[in-house]
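# Structural overview
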Number of protein chains: 2
Amino acid sequence: MISISQNDIKQYDKYYRTHLINSLTGFKSVSLIGSIDREGFTNLAIFSQIIHVGANPPLIGILFRPDTGARHTLENIMNVQHFTINHIPASHARHAHYTSARWKTSEFEACGFTPQFSELLKAPYVKESPVQLGCEFVERQQIQANGTILIIAEIKEIRVAEGTLLEDGFVDLEKAGSITCSGLDSYHTTNKIARYSYAKAGKEPEEL
Amino acid sequence: MISISQNDIKQYDKYYRTHLINSLTGFKSVSLIGSIDREGFTNLAIFSQIIHVGANPPLIGILFRPDTGARHTLENIMNVQHFTINHIPASHARHAHYTSARWKTSEFEACGFTPQFSELLKAPYVKESPVQLGCEFVERQQIQANGTILIIAEIKEIRVAEGTLLEDGFVDLEKAGSITCSGLDSYHTTNKIARYSYAKAGKEPEEL
């Protein structure tokens, strides 16, 4: 094993440290967040700091960098209260990464994604996405340690590709074709190892 | 696409809803958290609500369910201030899942993992893990919407398998053999699609 101390981390240049630390949480949830401003101008941005918060009510969390400079997605969420979370199919990994550039036009058009609206939500979904969540703002918390902002939202609508919703409610993301990411710029498809039965002490989990 | 409304979600039975909502954030970071109580009794538990919070200082976040009942990991973190985050190799997916049972003995021994201590940290690492993080408690926040608790911690020590730390600081998690999970009980290995160059408007990202 290679061992890296807190002191080493401090002394690395910014670029190296950013790549290193961003790798450490493991493979991450990665999605495109669709939003819209009060004038109806759409925005699409790739995010990997997305976390499950609770099932009842259905809550999801997204961590934003401190809101200095242009943070259109956060601004739009605060102003319009609605946004969408859209999984990324493997065929569109490059296009999804491309949304992280500084665009003056809508990233939907610039990066080859199609906005799609439902009756329930003000914000646009991504038509190409196999799993789409319509979300409404619930709560905002500021992390004192570095000023990042945690947004908690409730899931108001779920749209999943046909054939991916299994009998027990589990959505087969591998069948849906959703990808995962690691670090700042690496994208991956997955291979299922197994689903395991609910764990009980003294009885090894079985494959479902 | 299959469309599910907020009303549908409310009316599902608890089991179905839990599987469904836990699937929606996409593939998740999954790790074993190693901790120790004041008497030196070790604990090991699997967590998928882990999030990157910042690179400088190096911060990581973990979301815990409301602390009713036995929440040994959270108690240990609050009491001892140190804990470890350990990626899971594919060979140990079943063992890692098994830590979620209610054990009265240490999950290290019960589930076949080896505790390993460094000089810098009170909490035990998992010897079998390809990426190990030594963490110190920084901040605690309560999510008002459902009472979950977000713990922010600083990374004090990083231990990664030889040959996985690349020139630019990126840790090749696929080479390390770290896995990802989806839903409550599904585990997956990964296949790299590509790493893409820093995105600039008007110039399609290139493979690195």
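Conventions adopted
Residue numbers here run from 1 along each chain, matching the order of that chain's written sequence. To label them, take the chains in the order written and letter them from A, then take the ligands in the order written and number them from 1. Where totals are concerned, whole chains, interfaces and linings use all residues; where local detail is concerned, this predicted model gives features only for residues with pLDDT of at least 70, and gives and counts side-chain atom pairs only at 80 or more. The side-chain numbers reported here are obtained from all heavy atoms of the structure, hydrogens and water having been left aside. Starting at the N terminus, helices and strands are each numbered in turn, a helix being any DSSP run of H or I of at least four residues and a strand any DSSP run of E of at least two. As defined in this context, the radius of gyration uses C-alpha atoms, and a globule is described by 2.2 Å times the residue total to the power 0.38. Each residue is placed in one exposure class: buried if its accessible area under a 1.4 Å probe, protein chains only, is under 20% of its type's maximum, exposed if it is over 50%, and partly exposed if it falls in between. By definition in these notes, contact holds between two residues if any of their heavy atoms fall within 4.5 Å. Reported accessibility uses the Shrake-Rupley method at a 1.4 Å probe radius. Residues are deemed covered only where the shown protein chains occlude them. The positive count covers Lys and Arg only, the negative count covers Asp and Glu only, and His and the chain ends enter neither. The location of each charge is read from NZ of Lys, CZ of Arg, CG of Asp or CD of Glu. Salt bridge criterion: a side-chain nitrogen from Lys or Arg within 4 Å of a carboxyl oxygen from Asp or Glu. Cavities and pockets are found on a 1 Å grid laid over the protein atoms alone: a cavity is a set of points where a 1.4 Å probe fits but cannot escape, a pocket is an open set with protein on both sides within 12 Å along at least five of seven lines, and a lining residue has an atom within 4 Å of such a point. Grid points are joined across faces, edges and corners, and a volume is the space filled by probe spheres set on the points. For Phe, Tyr and Trp, rings pair up if their centres lie within 6.5 Å, where Trp contributes its six-membered ring, and each pair is then called stacked (planes under 30 degrees apart), edge-to-face (over 60) or tilted (otherwise). Only lysine NZ and arginine CZ atoms are considered, and such an atom sits over a ring when it is within 6 Å of the ring centre and within 35 degrees of the ring normal. Strands are treated as partners if at least two bridges between them are detected by DSSP. We define buried area as the total accessible area lost by two parts upon association, computed with a 1.4 Å probe and summed across both. Polar contacts, as counted here, are pairs of nitrogen or oxygen atoms within 3.5 Å of one another; within protein the pair requires one atom able to donate a hydrogen and one able to accept it, and residues that are adjacent in sequence qualify only if both atoms are side-chain atoms. Side-chain classes follow a simple rule in which Ala, Val, Leu, Ile, Met, Phe, Trp, Tyr, Cys and Pro form the nonpolar group, Asp, Glu, Lys and Arg form the charged group, and the remainder, Gly included, forms the polar group. Copy-to-copy superposition: least squares on the C-alpha atoms, limited to residues that have pLDDT of at least 70 in both copies.

The next point concerns the overall build of chain A. In terms of regular secondary structure, chain A is built from six helices and 13 strands. The C-alpha atoms of chain A give a radius of gyration of 18 Å, which matches the 17 Å a tight globule of 208 residues would have. Projected onto the principal axes, the alpha-carbon positions of chain A cover approximately 60 × 50 × 35 Å. Across the 208 residues of chain A, 61% fall into the buried class. Contacts in chain A between residues far apart in sequence, at least 24 positions, make up 57% of those at least 6 positions apart. Counting every atom, chain A has about 8600 Å² of accessible surface; 47% of that belongs to carbon and sulfur. Side chains of chain A carry 20 positive and 23 negative charges; the gap between the two charge centres is 5 Å.

It is worth spelling out the pattern of salt bridges at this point. All names here are of chain A. In total, this model carries eight salt bridges over all chains according to the counting rule given. Measuring nitrogen to oxygen at the nearest pair gives 2.8 Å for the salt bridge that ties Asp 168 to Arg 195. In this pair, Asp 168 is assigned in the loop between β11 (149-160) and α6 (173-176) and Arg 195 in strand β13 (residues 186-195), connecting sequence segments 27 residues apart. Residues Asp 168 and Arg 195 agree in their burial class; the two are buried. For Lys 203, the salt bridge identified is with Glu 206, shortest N-O distance 3.6 Å.

Let's shift gears to empty space enclosed by the protein. Inspection of every chain in the model, using the stated rule, returns two cavities of 30 Å³ or more. The volume enclosed by the largest cavity comes to roughly 90 Å³. Taken together, 15 residues line the largest cavity, and the ones lying closest to its centre are Ser29(A), Ser48(A), Ile50(A), Ser29(B) and Ile50(B). Counting only elements with at least two residues in the lining of the largest cavity, the list comes to β2 (28-29) and β5 (50-55) of chain A together with β2 (28-29) and β5 (50-55) of chain B. If you trace the second largest cavity, you find it lined by Ile51(A), Leu63(A), Leu150(A), Ile51(B), Val53(B) and Leu150(B).

Another point: the packing of aromatic side chains. In the structure shown here, the tally under the stated rule is eight aromatic pairs over all chains. Summarising the aromatic geometry, the rings of Tyr196(A) and Tyr187(B) are spaced 5.8 Å apart at their centres and angled 40 degrees between planes, so their arrangement reads as tilted. Here Tyr196(A), found in the segment after β13, pairs with Tyr187(B), found in strand β13 (residues 186-195), and the two come from separate chains. When its relative accessible area of 5% is taken as the criterion, Tyr196(A) is described as buried. Summarising the aromatic geometry, the rings of Tyr98(B) and Trp103(B) are spaced 4.9 Å apart at their centres and angled 80 degrees between planes, so their arrangement reads as edge-to-face. Given a relative accessible area of 16%, Trp103(B) falls into the buried group. Looking at Arg159(A), its charged tip hangs above the ring of Tyr125(A), at a distance of 4.1 Å from the centre. When the ring centre of Phe170(A) is taken as origin, the NZ or CZ atom of Arg195(A), which lies over that ring, is 4.0 Å away.

Strands sit in the order β2(A)-β12(A)-β13(A)-β13(B)-β12(B)-β2(B) across an open sheet of six strands; the sheet is antiparallel. Every interior strand has two partners, whereas the edge strands, β2 of chain A together with β2 of chain B, have only one.

The next subject is the interface of chain B and chain A. Each partner contributes to the interface: chain B provides 108 residues, whereas chain A provides 108 residues. For the chain B and chain A pair, buried surface summed over both sides reaches about 9600 Å², with 62% attributable to carbon and sulfur atoms. By the criterion of area lost to chain A, the three top residues of chain B are Met1(B), Phe27(B) and Arg94(B), representing 8% of everything that side buries. On the surface where chain B and chain A come into contact, there are two salt bridges. Between Arg195(A) and Asp185(B) there is a salt bridge whose closest N-O contact spans 2.8 Å. Between chain B and chain A we count 52 residue pairs in polar contact (both at pLDDT 80 or more) in total. When residues in the side of chain B that touches chain A are grouped by element, the largest group, 10 residues, is from β13(B). Class assignment for the residues of the side of chain B that touches chain A results in 50 nonpolar, 37 polar and 21 charged. Here β11(A) runs beside strand β1 (residues 2-5) of chain B; their pairing, made up of four bridges, is antiparallel. Each residue of the ladder has a partner; that of Glu157(A), found in β1(B), is Ser5(B).

This part covers the pairing of strand β11 (residues 149-160) of chain B. All names here are of chain B. Across the 12 residues of β11, 12 count as buried, placing the element largely inside the fold. Looking at chain direction, strand β10 (residues 131-142) and β11 are connected through 11 bridges and run antiparallel. By the bridge assignment, Glu 136 is partnered in β11 with Glu 154. Remark: six residues form the turn of the hairpin made by β10 and β11, two consecutive strands paired antiparallel; Gly 147 in that turn has positive phi of roughly 80 degrees.

Right, let's get into the relation of the copies chain B and chain A. Placing chain B over chain A gives an RMSD of 0.0 Å and needs a rotation angle of 180 degrees, together with 0.0 Å of translation along the axis. This pairing of chains is accounted for by a two-fold axis. Residues of chain B ranked by C-alpha distance from the rotation axis are headed by Thr190(B), positioned 2.1 Å from it. Comparing contact sets, 100% of the residues at the interface of chain B also lie at the interface in chain A, consistent with an isologous, same-surface contact.

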